[in-house]
Amino acid sequence: MDEKEKRKRERWIMFGSFLLLACAAGYLLYAALVLKRLGPEYYVVIFGCLFLFWLLSDVGSIILTRGFEGKTEQQVKAYMLYALMDLAGLAGLGYFAVSMNGNGGLIGACIYAFTMMGKRKYKEEYQGIVNREEEEGLEENREEPEKEEIEENQEKPEKEEIKENRGERQN
């Protein structure tokens, strides 16, 4: 698949995903303003929209854009973990949305925040981005020998100068 076709598909997937989120937000507003009692359809609509969002954005996008082509087994595994973390985060967000009238919704918000922070690592691993901490550690290891070499080179001329100065005094 060429890059132009891939971008076109990604745009349609993003549009569909935002449309699903807009439907969920619209239904939340409708329920808050019009409905007196929330029935089971409220929960089905909210969780259904979030599940379809996940299905389209995480599963459908990788299938439609052939995202696993040219990826290693480790990268595929990282994406699977990323998608599962995203699903757990969206479930927490859904729990927050349906539990807004009590303190229990904060648990859902915490789950969402925790998984959003954690899934970044797996997304970077899937994309083949080296972990920043590892990269910084590699740079530090590269820099340390250079600093030592520079210090050794600076010390040698000083020792030679001292020997020359002693030689001059003896003469």
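Everything quoted here is computed from the prediction, not taken from an experiment. (Residues numbered from 1 in each chain as written. Predicted model: local features only at pLDDT ≥ 70, side-chain atom pairs only at ≥ 80, totals over all residues. Heavy atoms only, no water.)

Participant: Before we move on, could you go through unusual backbone geometry and cite the residues and values that matter?
Facilitator: Within the chain, arginine 66 stands out as a residue other than glycine whose phi angle is a positive 55 degrees. Topologically, arginine 66 is positioned in the loop between α2 (40–64) and α3 (73–98). With relative accessibility at 43%, the residue arginine 66 sits in the partly exposed group. (Helix = DSSP H or I, 4+ residues; strand = E, 2+ residues; numbered from the N terminus. Buried < 20%, exposed > 50% of the residue type's maximum accessible area, 1.4 Å probe, protein only.)

Participant: So what's going on with the nonpolar core? Which residues, and what values?
Facilitator: Generally speaking, soluble globular proteins have nonpolar side chains that are buried together. Residues Tyr42, Ile46, Tyr79, Leu90 and Tyr126 are the most contacted members of the largest nonpolar core, which totals 17 residues. Those elements that place two or more of their residues in this core are α1 (3–33), α2, α3 and α4 (105–127). The dominant element in this core, judged by the number of residues it contributes, is α3, at seven residues. Once you skip the residues sitting within four places of it in the chain, tyrosine 126 turns out to touch Ile62, Gly67, Phe68, Lys71, Gln75, Ala78 and Tyr79. (Core = buried A, V, L, I, M, F, W, Y, C linked by side-chain atoms within 4.5 Å. Contact = heavy atoms within 4.5 Å.)

By themselves these figures say nothing about function.
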